[in-house]
Amino acid sequence: MKKGFYTIMSAQFFSSLADNALFVAAVELLKTSGAEEWQRAALVPMFALFYVILAPFVGAFADAVPKGRVMLYSNGIKVVGCLTMLFGTHPLAAYAIVGLGAAAYSPAKYGILTELLPPSQLVKANGWIEGLTITSIILGVLLGGQLIGPHMAPYLLALDVPGLDTGVDTPPEAAIASIVLLYVLAALFNLYIPRTDVPLEPLPHRLLALLPDFMSCNRRLWRDRLGQISLATTTLFWGVSGNLRYIVLAWASVALGYTTTQASSLVGVVAVGTAIGAVMASMMMRLDHAPKVIPLGVTMGLLVVFMNGISNVWVAVPFLIVLGGLGGFLVVPMNALLQHRGHNLMGAGRSIAVQNFNEQTCILALGALYAGFTRWGMTAFAAITIFGVLVAGMMLLIGLWHRRNVHRYPTEVEHLLTIARSDRH
């Protein structure tokens, strides 16, 4: 891997670490302030909101400005969201601002991979970046749980600035204040991300002119015989797994009687499995073999339903590791294939923005549905059943869709797979 790849990984690690620690702190902040459970569930779709609204613009922005600088600006927005949550803005609104920073960050983070590396290294690079991102989810969720827990919170609250009343009086507030430093550290790595020799594409004078361009890019990716399969898979995967992050917290509270700090460790366990699966996929899978992982998605959906029968932590931990491992092995080659097709069809930044739009729309829709059902009294067990059946059924349909493409358009599919085997775009 080129030297700049490791700088990108470091910046991504600390930014994602802060995002996930902040999620746990925001859940606890809402919980201690007496907010209803549906508001805690709504944190997930609020984070996805600006991914959907700004999708036509952030991809073009990432292609118009050096991507390291885009990542630096985005981390600054995350710091603003973190500080507004700390100083009294409703956590849902503040977390949406953090989501705004993440929405701008993502096209630059993934787009620079396709500019820096040849297609033959994309699965390996995605395995490393996803593995590291998932590691940051593990450590971020665990860190967030510990920052609000009984061991670290008293030490954080004891730290005072002489002559200044910071207004930080509760464990969640102390945790949020600490998380700001992680965003600052990520920003320092952003300063050293190299600029590639791919030419920049200037923004149009009228930003609204980007809307038809974005719609055209979206249609192009959905019409591509491999792009549509990989996009459908990653959209479903992230839509469900993005919401499972909170559902596991709610499930652990009901099934195991866990506090937020204890439940956060189980979210980390799922991510451990995902990291293992991601690294295994990076070593074992080739770009042109990505569609072969589709049956794993059906298995994963069925396993999600079986969570309802678990009430013992010693059974839950290995089960969640296996569940996460299937997800990691599924998403890495599909994500790499999607990036490859998008880069060939429309350029890196626009491709990632289209991907984010579809995935985050799914997260937003499913999250809003779950928050609404929670407000009307639906239990975590019912939500897990619905999400598991949805994953299994949709992955089965995606597998049939790909089989239909292979039989009806064999020449076109084989041509696209041949391109995937080559390092030429």
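These numbers were taken from a predicted model, which means no experiment stands behind them.

**Q** Requested: an account of the overall build of the protein chain, with residues and values cited.
**A** Scanning the protein chain from N- to C-terminus turns up 17 helices and 0 strands. Its C-alpha atoms give the protein chain a radius of gyration of 21 Å, within 12% of the compact-globule value 22 Å for 425 residues. In terms of overall dimensions, the protein chain has C-alpha extents of about 65 × 50 × 35 Å along its principal axes. Sorting the 425 residues of the protein chain into buried and exposed places 58% on the buried side. Residue pairs in contact within the protein chain that sit at least 24 positions apart in sequence constitute 84% of those at least 6 positions apart. Here the protein chain contributes 26 positive and 20 negative side-chain charges, whose respective centroids are spaced 11 Å apart.

**Q** Before we move on, could you go through the environment of Gly 88 and cite the residues and values that matter?
**A** Of note, Gly 88 is situated in the loop between α5 (67-86) and α6 (91-116). In this structure Gly 88 comes out as exposed when scored by relative accessible area, which is 67%. A sequence separation of 229 residues divides Gly 88 from Val 317, and the C-alpha atoms of the two residues are 37 Å apart.

**Q** Pulling in residues and values, what's your account of the side chain of Arg 40?
**A** By the secondary structure assignment, Arg 40 is in helix α2 (residues 37-41). The side chain of Arg 40 sits in the buried core without any salt bridge; Glu 37 is the nearest counter-charge, 5.3 Å away. Here Arg 40 is in contact with Val 27, Leu 30, Lys 31, Ala 35 and Tyr 246, once residues within four sequence places are set aside.

**Q** Go over the side chain of Thr 7, please, and point to the residues and values.
**A** As for its position among the elements, Thr 7 is in helix α1 (residues 3-32). Take Thr 7: its relative accessible area is 17%, and that puts it in the buried class. Look past the residues within four positions of Thr 7 in its chain and what remains in contact with it is Phe 189, Tyr 192 and Ile 193.

**Q** Give me the lowdown on the environment of Ile 129, citing residues and values where you can.
**A** When you line up the elements, Ile 129 lands in helix α7 (residues 122-147). For Ile 129, a relative accessible area of 1% gives the class buried. Spatially, the C-alpha atoms of Ile 129 and Lys 109 are 9.6 Å apart, while their sequence positions differ by 20 residues. Setting aside its immediate chain neighbours within four residues, Ile 129 contacts Ile 8, Met 9, Gln 12, Tyr 110 and Leu 113.

**Q** Summarise the nonpolar core; cite the residues concerned and give the values.
**A** Counting residues in each nonpolar core, the largest one holds 109 residues, and the members touching the most others are Leu 22, Phe 23, Ile 179, Tyr 246, Trp 251 and Tyr 370. Among the nonpolar cores identified, the runner-up in size contains 20 residues, and Ala 64, Val 70, Tyr 110 and Ile 112 belong to it.

**Q** Could you give me a rundown of α6, with the residues and numbers involved?
**A** Between its terminal C-alpha atoms α6 stretches 37 Å, which fits the 38 Å expected from 26 residues at 1.5 Å a residue. Along its length, α6 shows its largest kink, about 30 degrees, at Tyr 105, and proline Pro 107 lies within four residues downstream of that point. For α6, the buried fraction is high: 23 of the 26 residues fall into the buried class.

**Q** Describe the packing of aromatic side chains, naming the residues involved and giving the relevant values.
**A** Tallied over the full model, the rule gives 9 aromatic pairs. Centroid distance Phe 14 to Phe 189: 5.7 Å. Interplanar angle 10 degrees. Geometry classified as stacked. Placement of the pair is Phe 14 in helix α1 and Phe 189 in helix α9 (residues 171-190), with a sequence separation of 175 residues. An aromatic cluster of three or more residues is present, and its members are Phe 23, Phe 47, Tyr 51 and Tyr 95.

**Q** Could you give an account of a nonpolar patch on the surface, naming the residues involved and the relevant values?
**A** The grouping of Val 272, Ile 276, Val 279, Met 280, Met 283 and Met 284 at the surface amounts to a nonpolar patch, some 540 Å² of accessible area in total. Tracing the chain through its elements places Val 272 in helix α12 (residues 260-284).

Rules behind the numbers
Residues numbered from 1 in each chain as written. Predicted model: local features only at pLDDT ≥ 70, side-chain atom pairs only at ≥ 80, totals over all residues. Heavy atoms only, no water. Helix = DSSP H or I, 4+ residues; strand = E, 2+ residues; numbered from the N terminus. Rg over C-alpha atoms; globule rule 2.2 N^0.38 Å. Buried < 20%, exposed > 50% of the residue type's maximum accessible area, 1.4 Å probe, protein only. Contact = heavy atoms within 4.5 Å. Lys, Arg positive; Asp, Glu negative; His and termini not counted. Charge placed at Lys NZ, Arg CZ, Asp CG, Glu CD. Salt bridge = Lys/Arg side-chain N within 4 Å of Asp/Glu carboxyl O. Core = buried A, V, L, I, M, F, W, Y, C linked by side-chain atoms within 4.5 Å. Expected span 1.5 Å × (residues − 1). Bend = angle between axes of the 7 residues up to and from the residue. Phe/Tyr/Trp six-rings, centres within 6.5 Å; stacked < 30°, edge-to-face > 60°. Patch = residues over 30% accessible without salt bridge, like charges linked within 9 Å, V, L, I, M, F, W, Y side chains within 5 Å. Areas by Shrake-Rupley, 256 points an atom, 1.4 Å probe, with all protein chains shown as cover.

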